[in-house]
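The primary structure of each chain is shown beneath.
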Amino acid sequence: MKLENNVYKIQDTTVKELAEKFGTPLYVYDAEVIKEHLDRFRQGFNSVDLKVKYACKALTNMSVMKYLLKQGTGLDTVSLSEIQMGLTVGYQPSDIVFTPNCVDFSEIEEAVELGVKINIENLSNLEKFGKKYGGAVPLCIRLNPQIAAQSNTDKVDWWHKQSKFGISLDQIETVKALESKYDMHIDGIHIHSSSVIMSPEIFINGAKAVFDIAMQFEKLDFIDFGGGIKVDVGDGNEVIDVVELGKQLDVEFTAFCEKYGRRLQLWFEPGRFLVGNAGSLITTCVVRKRNGGSEFVGVDSGFNQLIRPMMYGAYHEIVNASNPNGAKEKYTVVGNICEIDNFAVDRMLPETKEGDLIVLKSAGAYGYSMASNYNSRFRPVEVFVVDGQAHLVRKRDNYEDLVRNQILIDV
Ligand code: LLP
């Protein structure tokens, strides 16, 4: 979203036009911004065989997934439904990686049937995989190398330090023993880069540790560095310079491949980096009130539609698209859920009145995909702006959607 002559626009369509045409609340995604981020992600890599696998858990709208397919990405999935969506929009099974965690082995069997790349993250499923497929189906293993990371106190960051993810490094001998016992074909190593890494140097140190581990496996075709690359959301916090990271990793990975004796592919699974800043949640201020010392801006949305501020304390920049240049005042922006439901506390915003369009930015990733019908409210519409055209890509829920699976018994 850009501000041009005091008007907020997504490409050539104004926020006001979108709100009038589709109603609020609405999620809008800008294809140009997705493309810009993808290009930037790729920019630093010149020599290596880079494969970007879009982590569609961030935004599972199939039109967006199809757009990314057209831009030449693969897909990172965490459930069979995500795989199905990927296949529906035209991804080849071989371009889809299935990286679930703590799933029943039957899901992995189904994914094998669908022909996608399997990534295994625990010894239990690894053993079952070996027993069932031996060397017939190559697989990737997800490791938890516990590499040093910069610290940050917010919840989104320490989330990654939980230890449930991946196979711990102290179990690597067991992995190797299983590999030879069942004659398995481990062709990939995966580590999730994690959003706590903010400098290329620290990333490269971690990568080198991964290369050392990779040397212990002889049949690799790729190394997958996962996702978690932060994007600048305007909160002043440092983010990694992806172009610089690309340049440095390009050199290091090329050197590693020479040492390994084969040109491997380098995979990444970015979600938020590609779609985070491409999306906004457009809402309307429906109630202005003062309680205690606070001025409240009540909008026609809530944490059922964007949970990140309440769940992680995540920052989303907020603008008043109806009064971009108004004098700044301090507001607490809240939703309509019947419990504490803050989007922002004591935020300086242009003077706001009922009817104003209030936009939450950087809402493309983990916005709609984490939305619910809590309080029996409808999830918003989704609009995708491609080549100057605003397309409706998901309808608003309706009452029938809400009650569809309920069975009203005679009590
Ligand atoms: N690959 C793996 C193995 C992952 O676990 C994730 C995210 C990704 C890729 C994509 O990460 P991204 O590039 O989007 O950061 N709901 C939270 C984020 C959870 C991330 C889960 N895993 C949020 O709203 O910030």
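What counts as what
- Residues numbered from 1 in each chain as written.
- Predicted model: local features only at pLDDT ≥ 70, side-chain atom pairs only at ≥ 80, totals over all residues.
- Heavy atoms only, no water.
- Axes fitted to C-alpha atoms, helices over the stretch in contact; angles between N-to-C directions.
- Helix = DSSP H or I, 4+ residues; strand = E, 2+ residues; numbered from the N terminus.
- Parallel < 35°, antiparallel > 145°, perpendicular 65-115°, else oblique.
- Left-handed = near helix turned anticlockwise from the far one by under 90°.
- Contact = heavy atoms within 4.5 Å.
- Nonpolar A, V, L, I, M, F, W, Y, C, P; charged D, E, K, R; others polar.
- Near = heavy atom within 4 Å.
- Polar contact = N/O pair within 3.5 Å; in protein donor to acceptor, adjacent residues only side chain to side chain.
- Areas by Shrake-Rupley, 256 points an atom, 1.4 Å probe, with all protein chains shown as cover.
- Buried < 20%, exposed > 50% of the residue type's maximum accessible area, 1.4 Å probe, protein only.
- Domains from an automatic or database assignment.
- Buried area = accessible area lost by both parts, 1.4 Å probe.
- Salt bridge = Lys/Arg side-chain N within 4 Å of Asp/Glu carboxyl O.
- Pairing = 2+ DSSP bridges.
- 1 Å grid on protein atoms, 1.4 Å probe; cavity = no way out; pocket = protein on both sides within 12 Å on 5 of 7 lines; lining within 4 Å.
- Points joined across faces, edges and corners; volume = space filled by probe spheres on them.
- Phe/Tyr/Trp six-rings, centres within 6.5 Å; stacked < 30°, edge-to-face > 60°.
- Lys NZ or Arg CZ within 6 Å of the ring centre and 35° of its normal.

**Here's the deal with the packing of helix α5 (residues 105-114) against helix α6 (residues 123-133)**
α6 packs onto α5 with a crossing angle of 45° between their chain directions and a minimal axis gap of 10 Å. The angle between α5 and α6 falls in the class oblique. Here the hand of the crossing between α5 and α6 comes out right-handed. Contacts from F105, I108, E109 and V112 in α5 reach N125, K128, F129, K132 and Y133 in α6. Within the contact of α5 with α6, the residues separate by chemical class into 5 nonpolar, 1 polar and 3 charged.

**Quick look at the site of the ligand**
Taken together, 20 residues sit near the ligand, with G228, E269, R308, Y312 and Y366 positioned nearest. G271 places a polar main-chain atom, nitrogen or oxygen, 2.9 Å from an oxygen atom of the ligand. Taking Y312, its side chain carries an N or O atom lying 2.7 Å from a nitrogen atom of the ligand. Compared with its free state, where it exposes 580 Å², the ligand has 95% of that area covered by protein.

**Let's talk about unusual backbone geometry**
Here the residue pair T24 and P25 is connected by a cis peptide bond, since its omega of -5° sits within 30 degrees of zero. If you trace the backbone, P25 turns up in the loop between α1 (15-22) and β4 (26-30). The backbone of N5 sits at a positive phi, close to 50°, despite the residue not being glycine. As for its position among the elements, N5 is in the loop between β1 (2-4) and β2 (7-10). Residue class for N5 comes out exposed when judged on its relative accessible area of 74%. Positive phi outside glycine occurs at S362, with the angle close to 50°. Residue placement: S362 occurs in the loop between β19 (357-360) and β20 (381-386). Classification of S362 as buried rests on a relative accessible area of 11%.

**Here we look at the domain arrangement of the chain**
For the chain, the assigned domains read domain 1 (2-29 + 278-403) and domain 2 (44-274). Centre-to-centre, using C-alpha coordinates, domain 1 lies 33 Å away from domain 2. If you sort the residues of domain 1 by the area they bury against domain 2, Y312, Y315 and Y366 come out on top, with a joint share of 35%. Here domain 1 and domain 2 share 5 residue pairs in polar contact (both at pLDDT 80 or more) between them. Of all the secondary-structure elements, those providing two or more residues to the side of domain 1 that touches domain 2 are α12 (308-312), β20 and β21 (389-394). Across the side of domain 1 that touches domain 2, the residue classes tally to 10 nonpolar, 4 polar and 4 charged.

**Re the pattern of salt bridges**
Scanning the model with the defined rule gives 17 salt bridges in all. For the salt bridge of D39 with K35, the shortest nitrogen-to-oxygen distance reads 2.9 Å. One end of the pair is D39 and the other is K35, both in helix α2 (residues 31-43) and 4 residues apart, which spans about a single turn. With a shortest N-O distance of 3.8 Å, K57 and D76 are connected by a salt bridge. Of this pair, K57 sits in the loop between β5 (49-55) and α3 (62-70) while D76 is found in strand β6 (residues 74-77), placing the two residues 19 residues apart along the sequence.

**Quick word on the side chain of D187**
Along the chain, D187 falls in strand β11 (residues 186-190). Polar side-chain contacts of D187 include one of 2.6 Å to the side chain of K117. Leaving out residues up to four positions away in the same chain, D187 has contacts with K117, P138, L139, C140, K219, L220, D221 and F222.

**Here's the deal with the environment of N46**
Among the structural elements, N46 can be located in the loop between α2 and β5. Linking N46 and V251, residues 205 residues apart in sequence, is a C-alpha distance of 9.0 Å.

**Quick word on the sheet that holds strand β3 (residues 13-14)**
Within a beta sheet, neighbouring strands are joined by backbone hydrogen bonds and run either parallel or antiparallel to one another. Read from one edge to the other, the open sheet built from 3 strands follows the order β1-β2-β3, with strand pairing classed as antiparallel. Strands at the two margins of the open sheet, each flanked by one partner only, are β1 and β3.

**Remarks on empty space enclosed by the protein**
Over the atoms rolls a probe the size of a water molecule, and its path tells where empty space is left. This structure, assessed with the given rule, holds 3 cavities of 30 Å³ or more. Taken as a whole, the largest cavity holds about 40 Å³ of empty space. Counted by class, the lining of the largest cavity contains 5 nonpolar, 4 polar and 1 charged residues.

**With respect to the packing of aromatic side chains**
One pass over the structure, following the stated rule, counts 17 aromatic pairs. Both rings, one in F45 and one in F268, keep their centres 6.2 Å apart while their planes meet at 55°; by these two values the pair is tilted. Residue F45 is located in the loop between α2 and β5, and its partner F268 is located in strand β13 (residues 265-268); the two are separated by 223 residues in the primary sequence. Comparing F45 with F268, the two get one shared label, buried. The interplanar angle of 5° and the centroid separation of 3.7 Å between the aromatic rings of F222 and W267 together place this pair among those described as stacked. One end of the pair, F222, is in strand β12 (residues 222-224); the other, W267, is in strand β13, and 45 residues separate them in sequence. An aromatic cluster of three or more residues is present, and its members are F41, F45, F203, F211, F225, F253, F256, Y260, F268 and F273. Seen from the ring of W267, K53 lies directly overhead, with NZ or CZ sitting 4.1 Å from the centre.

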